Amino acid sequence: MLKLVAKDLCCLLLFAALNCGILPNLRITANTAFVCDPTLLVEHRLKSGRIPASVAVGDFNGDKNSDLVVANSGSDNISVFQGDGKGNFGEPMNVATGRSPRAVVVADFNSDGRADIAVANYESNNVSVLLGDGRGGFTSTTGLAVGSGPVALASADFNDDGQPDLAVANGKAGTVSIAFGRGKGEFLVAQTIPIGKDPVAIIAADINADGKPDLVVVNSRTSDFSVLAGDGNGKFAAAVRYAAGKRPVGIAVGDFNGDGIRDLAISDFGTNSVSFVSGRKDRGLAAAQTFNCFDHAFESERRISASGLPAFAWS
């Protein structure tokens, strides 16, 4: 049985609610000591563009405070909010993107020590790369063509050259595009990998504990997730798919049971639940367990019963 304390459950339930669209407005907590305690949350509403679809954090103006960037799917732009380090944010600065931006990720894509932004544009079938000047401004580069309907992004160094790369989940195409960074804000699509139907979320993390970044992709329409093992040289194995809850929409990675091994949490929109998949010492993943998000009050700790989803291991 997987055991989580109430603070961990609160964090994960907030994650699930945000991904399920239950909390449609952006909420920021000013409390930093125990940010996931529901009794201590303080709500600040920030006015972004139309249909905000994704949010990421970075220091865009070099003041060492966390800022926010929001992808506005309905207004074809992003909104950048500069933070003061005390939970307050200024007025948004809007930057044009491609059509229907659905996801944003932050990294230093041109090796100048400043935070840049990559944006997945669903209707343009490309990724915008916005290079930061370190003072809060951005310069657009030529859009990177990817598969049809890009909806989610992840960034890591997949080929061990010291440059951040991109993995793009293409919702309409049912694929993932792997693009290698060249260190100047430019990318080259090197591999396109078939996934399940309607991929909606992606993370890059070392899931099998071999020191190399892997990918996990959530496929909403087929109610499963795909695992792609990376070899550290930029190649990924064919996707292996495993059952999740009904209509999963989001994923997070962390050590949820305190054993020092990375685990997965998947928010299941169709069943108002979170599926937990624990990492094992043999580099595999244990059977998934599910927790119903809204049927139980918070207690000091909660045990989560197994759901019968199959376990799997790495070969």
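Definitions and cut-offs
Residues numbered from 1 in each chain as written. Predicted model: local features only at pLDDT ≥ 70, side-chain atom pairs only at ≥ 80, totals over all residues. Heavy atoms only, no water. Salt bridge = Lys/Arg side-chain N within 4 Å of Asp/Glu carboxyl O. Buried < 20%, exposed > 50% of the residue type's maximum accessible area, 1.4 Å probe, protein only. Helix = DSSP H or I, 4+ residues; strand = E, 2+ residues; numbered from the N terminus. Pairing = 2+ DSSP bridges. Axes fitted to C-alpha atoms, helices over the stretch in contact; angles between N-to-C directions.

K.L.:
So what's going on with the pattern of salt bridges? Residues and values would help.
P.N.:
The tally for this structure, following the rule as stated, stands at four salt bridges. Of the charged contacts in the structure, one is a salt bridge between D112 and R114, with a shortest N-O distance of 4.0 Å. Judged by relative accessible area, which is 38%, R114 ranks as partly exposed. In this structure, the salt-bridge partner of K172 is E123, at a minimum N-O distance of 3.8 Å. Here K172, found in the loop between β12 (165-170) and β13 (175-181), pairs with E123, found in the loop between β7 (116-121) and β8 (126-132); they are 49 residues apart in sequence, far enough to count as distant. Note on K172: relative accessible area 48%, which makes it partly exposed. Taking the relative accessible area as the measure of exposure, E123 reaches 33% and is therefore partly exposed.

K.L.:
With reference to specific residues and values, describe unusual backbone geometry.
P.N.:
We note that N125 has phi near 55°; this positive angle belongs to a residue other than glycine. Since its relative accessible area comes to 29%, N125 is described here as partly exposed. Of note in this structure, S223 is not a glycine but carries a positive phi near 55°.

K.L.:
Tell me what's going on with the sheet that holds strand β22 (residues 289-292), and back it up with residues and numbers.
P.N.:
With antiparallel pairing, the four strands of this open sheet are ordered in space as β19-β20-β21-β22. Edge positions in the sheet fall to β19 (248-254) and β22, since each has one partner strand and no second. Geometrically, the sheet is characterised by an average inter-axis angle of 20° between neighbouring strands, direction not taken into account. Alignment of strand β21 (residues 273-277) against β22, held across four bridges, turns out to be antiparallel. Bridge pairing in β22 places S275 opposite T290.

K.L.:
How would you explain the sheet that holds strand β4 (residues 77-81) if you had to name every residue and give the values?
P.N.:
The strand order across the open sheet formed by four strands is β2-β3-β4-β5, and the pairing between neighbours is antiparallel. Unpaired on one side and paired on the other, β2 (52-58) and β5 (93-96) mark the two borders of the sheet. For this sheet, the mean angle separating the axes of adjacent strands, direction not counted, is 25°. The sheet contact formed by β4 and β5 spans four bridges and is antiparallel. Counted as the bridge partner of S79 is N94 from β5.

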